[in-house]
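# Overview (structure and organization)
What follows is the residue order along each chain.
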Amino acid sequence: MPELGCSTISFRQRPVSEALAVIRELGFDGIDLGGLPGVCDHIPTPLTGPADELVDVVRASGLRTWAINVDPGPLNDPRLGEHDLLDSGRALVGLAASLDAAMIVPCGAQHREPFVDEATDLDRIARGLRLLGGLAADSGVRLLVEGLHHYRFCHTAERAEALLDRVPAASAGFVFDVSHVVAGGFDEVAFAREFAERIEHVHFRDAEPGDINLSIGRGRADFAGVVRTLREHGYDGRYVLELETHDVAEQDRPAEAAAARADIAALLAG
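What follows deals with the overall build of the chain. Counting secondary structure elements, the chain contains 9 helices and 10 strands. Scaling as 2.2 N^0.38, a compact globule of 270 residues should have a C-alpha radius of gyration of about 18 Å, and the chain matches this with 17 Å. Based on the C-alpha atoms only, the size of the chain along its principal axes is roughly 45 × 40 × 35 Å. Burial analysis of the chain (270 residues in total) assigns 57% to the buried set. For the chain, contacts bridging at least 24 residues in sequence account for 79% of all contacts bridging at least 6. Of the roughly 11,000 Å² of accessible surface on the chain, a fraction of 47% belongs to carbon and sulfur atoms. Here the chain carries 25 positive and 44 negative side-chain charges, and the mean point of each set is 1 Å from the other.

Throughout the structure, instances matching the rule amount to 16 salt bridges. A salt bridge links Glu-244 to Arg-12; its shortest N-O distance comes to 3.1 Å. One end of the pair, Glu-244, is in the loop between strand 10 (239-241) and helix 9 (253-269); the other, Arg-12, is in the loop between strand 1 (4-7) and helix 1 (16-26), with 232 residues separating them in the sequence. A salt bridge links Glu-250 to Arg-14; the nearest nitrogen and oxygen atoms lie 3.3 Å apart.

Turning our attention to a negative patch on the surface. A surface patch of negative charge is lined by Glu-158, Glu-161, Asp-165 and Glu-194. It is helix 5 (residues 157-166) that provides the largest number of residues to the negative patch, a total of 3 residues. The partly exposed category is assigned to Glu-194, whose relative accessible area is 48%.

Relative to each other, helix 5 and helix 7 (residues 188-195) sit at 10°, their axes nearing to 12 Å. On the basis of the axis angle, helix 5 is roughly parallel to helix 7. Touching Ala-157, Ala-160, Glu-161 and Leu-164 of helix 5 are Phe-191, Glu-194 and Phe-195, all from helix 7. Within the contact of helix 5 with helix 7, the residues separate by chemical class into 5 nonpolar, no polar and 2 charged.

A few words now on the sheet that holds strand 3 (residues 65-70). Read around the barrel, 8 strands follow the order 1-2-3-4-5-6-7-10 and close on themselves; strand pairing throughout is parallel. The average undirected angle you get between the axes of adjacent strands in this sheet is 25°. Pairing analysis gives 3 bridges linking strand 3 to strand 4 (residues 102-106), with the strands arranged parallel. Along strand 4, the bridge assignment pairs Ile-68 with Met-103. Contacts from helix 8 (residues 223-232) reach strand 6 (173-177), strand 7 (199-204) and strand 10 within the one sheet, and its direction differs from that of strand 7 by about 165°. Across the face of the sheet, helix 9 comes into contact with strand 1, strand 7 and strand 10 while running at roughly 160° to strand 10.

How each quantity is defined
- All residue numbers refer to position in the chain's written sequence, counted from 1.
- Note on the predicted model: pLDDT of at least 70 is required for a residue's local features to be given, and 80 or more for side-chain atom pairs to be given and counted; whole-chain, interface and lining totals, by contrast, use all residues.
- Excluded from the side-chain calculations are hydrogens and water; all other atoms, namely the structure's heavy atoms, are used.
- Each helix corresponds to a stretch of at least 4 residues labelled H or I by DSSP, and each strand to a stretch of at least 2 residues labelled E; elements are numbered beginning at the N terminus.
- As a reference, a globule follows 2.2 Å times the number of residues to the power 0.38, and the radius of gyration itself is taken over C-alpha atoms.
- For each residue, the accessible area found with a 1.4 Å probe, counting protein chains only, is set against the maximum for its type, and the residue is called buried under 20%, exposed over 50%, and partly exposed in between.
- Only heavy atoms matter for contacts: two residues are in contact if any of them lie within 4.5 Å across the pair.
- All accessible areas in this document rest on Shrake-Rupley with a 1.4 Å probe, and a residue is counted as covered only by the protein chains that are shown.
- When charges are counted, Lys and Arg are positive and Asp and Glu negative, with His and the chain ends excluded.
- We put the charge of a Lys on NZ, of an Arg on CZ, of an Asp on CG and of a Glu on CD.
- The working definition used for a salt bridge is a side-chain nitrogen of Lys or Arg within 4 Å of a carboxyl oxygen of Asp or Glu.
- To count toward a patch, a residue needs a relative accessible area over 30% and no salt bridge; like charges are then connected within 9 Å, while nonpolar side chains (Val, Leu, Ile, Met, Phe, Trp, Tyr) are connected within 5 Å.
- Every axis corresponds to a line fitted to the C-alpha atoms, with the helix fit spanning only the stretch in contact, and the corresponding angles, defined between N-to-C directions, vary from 0 to 180 degrees.
- Here roughly perpendicular refers to angles of 65 to 115 degrees, roughly parallel to angles under 35, roughly antiparallel to angles over 145, and oblique to all remaining angles.
- Each residue gets one label: Ala, Val, Leu, Ile, Met, Phe, Trp, Tyr, Cys and Pro are nonpolar, Asp, Glu, Lys and Arg are charged, and the others, such as Gly, are polar.
- Note: two strands are recorded as paired if DSSP finds a minimum of 2 bridges between them.

This is the structure we're talking about:
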């Protein structure tokens, strides 16, 4: 049975130690550790030096860190030079290596319009991913890109495909977040089929077109179809609940996460 984990972004309103304690109590197999500006500060942004205290907190939790989910900078912004990107990347890669984790990065800036034009921006993102991928590989870290994000530059299946055409698998794997695909109005099962060969990590949260922030079962995502399709194409990787939802009171979030864990675990066991 594939492993099922939980992102600390699911409990982003809580200090990292408290978020980890809840996730451990719920019985998940591992975590993604969140550090995205405007979303979750469990990893500081920017990370400017060693994060020994954070590493100690995570290790003390007893949870395995599967990935850190971080933003080294807007990869399609011409103002982000190679030197600055590598400086940012080194600190993040160092954290990932300390936790024996992969490193997830976004697919461009937090807006859809290009800085120059679509092709030029995609080329710049790809160049940045190749640089980060080499830096990560030197430290034994696997780089992953969340290649379709409803609120980032690569917000369509077409741009996601164009990006992967520019980035070899040796440089970066692909994170498939079902909620972003559904929110964009794309068929999540067809997407899983088309991108199966590049998918190395899967995020689950429910969604409807235009809304990525729904709890499992409250949107239109076909999780059973996604799991079945990925299984048919040989995917045996991990699934992670990233329950950054806006339809649950904070005090009810652990119970909602427990229910989501049970529902998805049943699909993975089927």
